[in-house]
Amino acid sequence: MSQTLGLTRLAYSRVWHQISASTPHQTLTTQLNITPPSLGRLASRIVVLLMGKHKPIWDPSSDCGDYVVVTNCAALHTTGKKMWRKTYYRHTTRPGSLKALTMDALMEKHGGSEILRKAVSGMLPKNRLRDKRLARLKAFEGDAHPYKENLMRFGGVVVGSDGWEKAVEQIRETDKKRL
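In this text the structure is predicted, and so the values were computed from the model without any measurement. The written sequence of each chain sets the order in which its residues are numbered from 1. Local features in this predicted model are restricted to residues of pLDDT 70 or higher, and side-chain atom pairs are both shown and tallied only at a pLDDT of 80 or more, whereas totals for entire chains, interfaces and linings draw on every residue. Water and hydrogen atoms play no part in the side-chain values, which are based on all heavy atoms of the structure.

Undergrad: Got a minute to help me understand the nonpolar core in this structure?
TA: Residues belong to a common nonpolar core when they are buried Ala, Val, Leu, Ile, Met, Phe, Trp, Tyr or Cys residues joined through side-chain atoms within 4.5 Å. Buried means the residue's accessible area, taken with a 1.4 Å probe over protein chains only, is under 20% of the maximum for its type, while exposed means over 50%, and partly exposed covers the values in between. Counting 27 residues, the largest nonpolar core has Ile46, Leu116 and Val120 as the members making the most contacts within it. The numbering of helices and of strands both runs from the N terminus, where a helix is a DSSP run of H or I of at least 4 residues and a strand a run of E of at least 2. Those elements giving two or more residues to this core turn out to be helix H1 (39-51), strand E2 (67-71), helix H3 (103-110), helix H4 (112-123) and strand E5 (137-139). Top element by residues in this core is H1. It accounts for eight residues.

Structure representation (structure tokens):
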């Protein structure tokens, strides 16, 4: 058997995924159709897409991940009192320069996209591919973003939006009739 089976240009092509941080997701939320996915569950799903672990050709030493566009980051959902108790630290290596900032203060200063970026960055492996993978994460505070044309579509409908399952069923029915 060939060792290059499946290692084609199509397998390594990058796809654009869109995830909304404010709408409930059927596999990421704990309470269906009630709460949006929490920050940790959302970040772990984004990490899987950025690394390419959802693809059959995944290899830890190669960069075969996809692009991820996250919208509505201003409405990030956290459980418990993390919004007021979680603290982010930074240090310039000079004595007495430790700075602490809580999650709500960071949200006011930089927005929810920065909080999501820090969560995803902490979950990615600490190696030479980390910055390249993190650069493929595009996070926005609202619904508007410049990557609408790049998103994955099926039957002309963006995957994950309302009604895309119906478009899939229509295409499958037409294919059955054709065969």
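Anyway, onward from the coordinates.
Undergrad: Sorry, what's going on with the side chain of Ser62 here?
TA: Structurally, the position occupied by Ser62 is in the loop between H1 and E2. The exposure class assigned to Ser62 is buried, which follows from its relative accessible area of 16%. By definition in these notes, contact holds between two residues if any of their heavy atoms fall within 4.5 Å. Once you skip the residues sitting within four places of it in the chain, Ser62 turns out to touch Tyr12, Leu129 and Arg133.

Undergrad: Teacher, can you tell me more about the packing of aromatic side chains here?
TA: When the centres of two rings from Phe, Tyr and Trp lie within 6.5 Å, Trp using its six-membered ring, the rings pair. Their planes under 30 degrees apart give stacked, over 60 give edge-to-face, and anything left gives tilted. Scanning all chains against the criterion turns up three aromatic pairs. By way of ring pairs, the aromatic residues Trp16, Tyr67, Phe140 and Tyr147 are connected into one cluster. The ring of Tyr88 carries the charged tip of Lys86 above its face, separated from the ring centre by 4.9 Å. Any Lys NZ or Arg CZ found within 6 Å of a ring centre and within 35 degrees of that ring's normal is scored as a charge over the ring.

Undergrad: How should I be thinking about the packing of H1 against H4 in this particular structure?
TA: Think of two packed helices as two axes; the pair is described by the angle between the axes and how far apart they sit. What counts as an axis is a line fitted to C-alpha atoms, over the stretch in contact for a helix, and the angles between N-to-C directions run from 0 to 180 degrees. For the pair H1 and H4, interaxial distance at closest approach is 9 Å and the crossing angle is 60 degrees. Of the possible angle classes, the one that applies to H1 and H4 is oblique. For the element pair H1 and H4, the recorded crossing hand is right-handed. Residues Leu39, Gly40, Leu42, Ala43, Ser44, Ile46, Val47 and Leu50 of H1 touch H4, and the partners they reach there are Ile115, Leu116, Ala119, Val120 and Met123. Three classes are used: nonpolar for Ala, Val, Leu, Ile, Met, Phe, Trp, Tyr, Cys and Pro, charged for Asp, Glu, Lys and Arg, and polar for all others, with Gly counted as polar. Considered class by class, the residues forming the contact of H1 with H4 number 11 nonpolar, two polar and no charged. By definition in this entry, angles of less than 35 degrees are roughly parallel, angles greater than 145 are roughly antiparallel, angles of 65 to 115 are roughly perpendicular, and the rest are oblique. Less than a right angle of anticlockwise turn of the near helix away from the far helix marks a crossing as left-handed, whereas a clockwise turn marks it as right-handed.

Undergrad: Whenever I open this one, unusual backbone geometry confuses me. Can you help?
TA: Residues other than glycine predominantly adopt negative phi, and peptide bonds predominantly adopt the trans conformation. Within the chain, Asn72 stands out as a residue other than glycine whose phi angle is a positive 60 degrees. Position of Asn72 relative to the elements: it lies in the loop between E2 and helix H2 (82-85). Residues other than glycine seldom take positive phi values, yet Thr93 does so here, at roughly 70 degrees. Classification of Thr93 as exposed rests on a relative accessible area of 72%.

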